[in-house]
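# Commentary on secondary and tertiary structure
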Amino acid sequence: MIFAEWKPLDELIDKLKIHKKVLLVGCATCVAECAAGGEKEVETLAPLLRMALKKQGHCVEIITATLEKQCEWEFVEQLAQQATEVDAIMSIACGIGVQALAERFDPITVYPGVNTSALTIREEAGLWAARCAACGDCILGETFGYCPVARCAKSLLNGPCGGTRKDGKCEVNEEVDCIWNLIVERADERGRLESLSKIKKAKDWSNSGHGGPKRVIREDLRQ
Amino acid sequence: MKMFVGSNLERRLAAGDFAVTAEVGPPRGPDPADVKKKAGILRGVADAYNVTDNQTAVVRMSSIAASKILLQEGLEPIMQIVCRDRNRIAIQSDLLGAWALGMRNVLCLSGDHQSAGAGGKLKGHPGAKNVYDIDSIQLISVVKGLRDRAIQEGGDSISPAAPFFIGAAWTPLGPPEKFRTIRLAKKINAGANFIQTQAVYDMKRFAEAVRRAQDMGLTDRAAILPGIIVPRSAGMLKYMNSNVPGIDVPEELIQRMKDAADPRIEGIEITLELIDAVKNLSGIKGVHLQAIEAEELLPDIIRSAGLLPRPRIY
Amino acid sequence: MFAFGKADMSDKSQWPSQNPEVVVLYCQHGLCDEAKGSAWYQESKGVFVRAVMMPCSSKIEVSYILNILESGADAVEVVACPEKSCKYLVGSLRAEKRIEYIRGLLEKIGYAPERVGINRKLSQSPEQLINLARARADAVRPFGVNPMKKGE
């Protein structure tokens, strides 16, 4: 899922303190799955913000809502009534949701309540780890199901570098496996080590964000 | 053997002499005098001198500039390039500039991640944007393209060609060990002419790795120079053993340093033993010496190893 | 002895007390029968207790406790079953982790983390629950009244 985490509470309070009435909006999809912006988190953040603002002497009313998705206009529209009642909105959805609200409810200020930072899987309860870098040129078929673009700190395509620790972890972060160590081991298990001796050429990054802000049209779906 | 570029290092290796390279770390400041000082200490003790490229992601004088200063001081540089900070456009541009300024040896590395910051001792720039547009093996191919086909990575030509003697790094003892020789082969296939290894202390395991490389025919195609870092204390060896991936220090060496009356002298003893061991290792063509922040030790060490004076190259 | 009256958290007229108001959330399985009752309040020496019985301490959501503090309670004491005794195996462990999390959040907004606590106990009588609440009241007394009580 798209992964996000709460911004520091000081930052949020700093933004909200100048307002009278704020709508705090969550999203029931990605950010709910990473326990940052779902209904539960809205119901946690709202009292927390109210208490923090009151303590600092600010009088800010906070109302709440949670949309199924903040990246679909049909759901965003559901906020239309509440949006007229407030002088600011704080969204704890990913950056896509924040911008959807900002676009639809202009000129109301929309603040992000979270930092969106990765594409992850929930490996186990309470543990999320990056899996995809949205590089636009997927090589998972050649790396035995492990993505070195997202999971190697140096995005090596001909790894591993000399930084694999003795225990197979990465020198950059001792809690992270050297993904190339895993790729090599899996290749070996499948008798395909030879496939990794071919030199992988320099990547074409142009289909990712590196090629410029993406704008994709599907003629078959246009109206 | 065909000469690519005729640098000191290349000719030394072509002549079959045991080569010596040493490292010069650029200063964390703009003063060329700092580079000249190190050049003065190390003049004449090695065939070529590695100039590091923002090593451990710490901003230092650029390797291209420091290399030029070395050249002006009469020393031959091996310009190190890392993939961490520059994309393929900047790297190729720097290579053309480096050649114009007289550099002929390059060492192609991935480079420490920007979170390194000198192992936590300095602030560094952990918030910098990661580049890693290409990796070290792709970089070797890029340099080979500029040299052999006068062609840029994207396909445009350059005129004339920019010939370099191409180096790469090898970490023979890191996991997955079985793959390390295959990866060495990849680097040599990509175009590497000489190889400098991560510091070796475990001679037995290193010898096995070199034998595997020899079996694959790699030691004939590229000159392998094992890296040796002069130990200064038991603590330093222990630290490297635990914290520097690819460095394995046998317990006996750590114990020797602990028991030594003067660890600094013992460290030099150990260095000389290691140099002697690699000199006698089949397939090894030289040695790459490093004395971290203690370059002044190297001239005596190299002399005591019987490697001075460096033979004239004709 | 005490009125098993309905405790209405939002009813501000129920704040007669000079003492810290502690809401006790207790697991039904951690009680002796005498204490079972869905919700009750009791003014006692040094503390005003509001008690609410939970089917399991793991039913206590982070937002639930924050709402209680937001509504003006000076502290919340969770009484959960000891680790090996939880009828739902990991319920009380989850409750403990949530309490830790809430304490961290309170600290970040300048509230004393002592305003929330957890005790792992079995077979509590009402008096014992009140004692736990009193201990919590003593812990938060130095920090004064919950700022949410002041003014509108």
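In what follows, the structure referred to is the one given above.
Report on the accompanying structure. Note that the coordinates shown come from a computational prediction; the quantities given were computed from them, not determined experimentally.

This paragraph deals with the packing of helix H2 (residues 32-42) of chain B against helix H3 (residues 63-72) of chain B. Residues and elements named next belong to chain B. Relative orientation of the contacting elements H2 and H3 amounts to 50°, with a least axis distance of 9 Å. In terms of axis orientation, H2 runs oblique to H3. Handedness of the crossing formed by H2 with H3: right-handed. Facing H2, whose interface residues are Pro 32, Val 35, Lys 36 and Ala 39, H3 presents Ala 66, Ile 69 and Leu 70.

Residue and element names in this part refer to chain C. Burial runs high along strand S4 (residues 75-80): 6 of the 6 residues are buried. Burial along S4 is two-sided: Ala 75, Glu 77 and Val 79 and Val 76, Val 78 and Ala 80, pointing in opposite directions, are all buried. With 5 bridges connecting them, strand S1 (residues 21-27) and S4 associate as parallel partners. For Val 23, the partnering residue across the bridge sits in S4 and is Val 76. Direction of pairing for S4 relative to strand S5 (residues 116-120): parallel, over a ladder of 5 bridges. Bridging across to S5, Val 78 finds its partner in Ile 118.

Residue-level contacts link 29 residues of chain A with 30 residues of chain B. Across the chain A to chain B interface the summed buried area is about 2,500 Å²; carbon plus sulfur atoms make up 56%. At the boundary of chain A and chain B, one finds 2 salt bridges. Asp248(B) is the salt-bridge partner of Lys166(A), the closest N and O atoms lying 2.8 Å from each other. Here chain A and chain B share 21 residue pairs in polar contact (both at pLDDT 80 or more) between them. Taken together, the residues of the side of chain A that touches chain B break down into 12 nonpolar, 8 polar and 9 charged.

About the thresholds
Residues numbered from 1 in each chain as written. Chains lettered and ligands numbered in written order. Predicted model: local features only at pLDDT ≥ 70, side-chain atom pairs only at ≥ 80, totals over all residues. Heavy atoms only, no water. Axes fitted to C-alpha atoms, helices over the stretch in contact; angles between N-to-C directions. Helix = DSSP H or I, 4+ residues; strand = E, 2+ residues; numbered from the N terminus. Parallel < 35°, antiparallel > 145°, perpendicular 65-115°, else oblique. Left-handed = near helix turned anticlockwise from the far one by under 90°. Contact = heavy atoms within 4.5 Å. Buried < 20%, exposed > 50% of the residue type's maximum accessible area, 1.4 Å probe, protein only. Pairing = 2+ DSSP bridges. Buried area = accessible area lost by both parts, 1.4 Å probe. Salt bridge = Lys/Arg side-chain N within 4 Å of Asp/Glu carboxyl O. Polar contact = N/O pair within 3.5 Å; in protein donor to acceptor, adjacent residues only side chain to side chain. Nonpolar A, V, L, I, M, F, W, Y, C, P; charged D, E, K, R; others polar.

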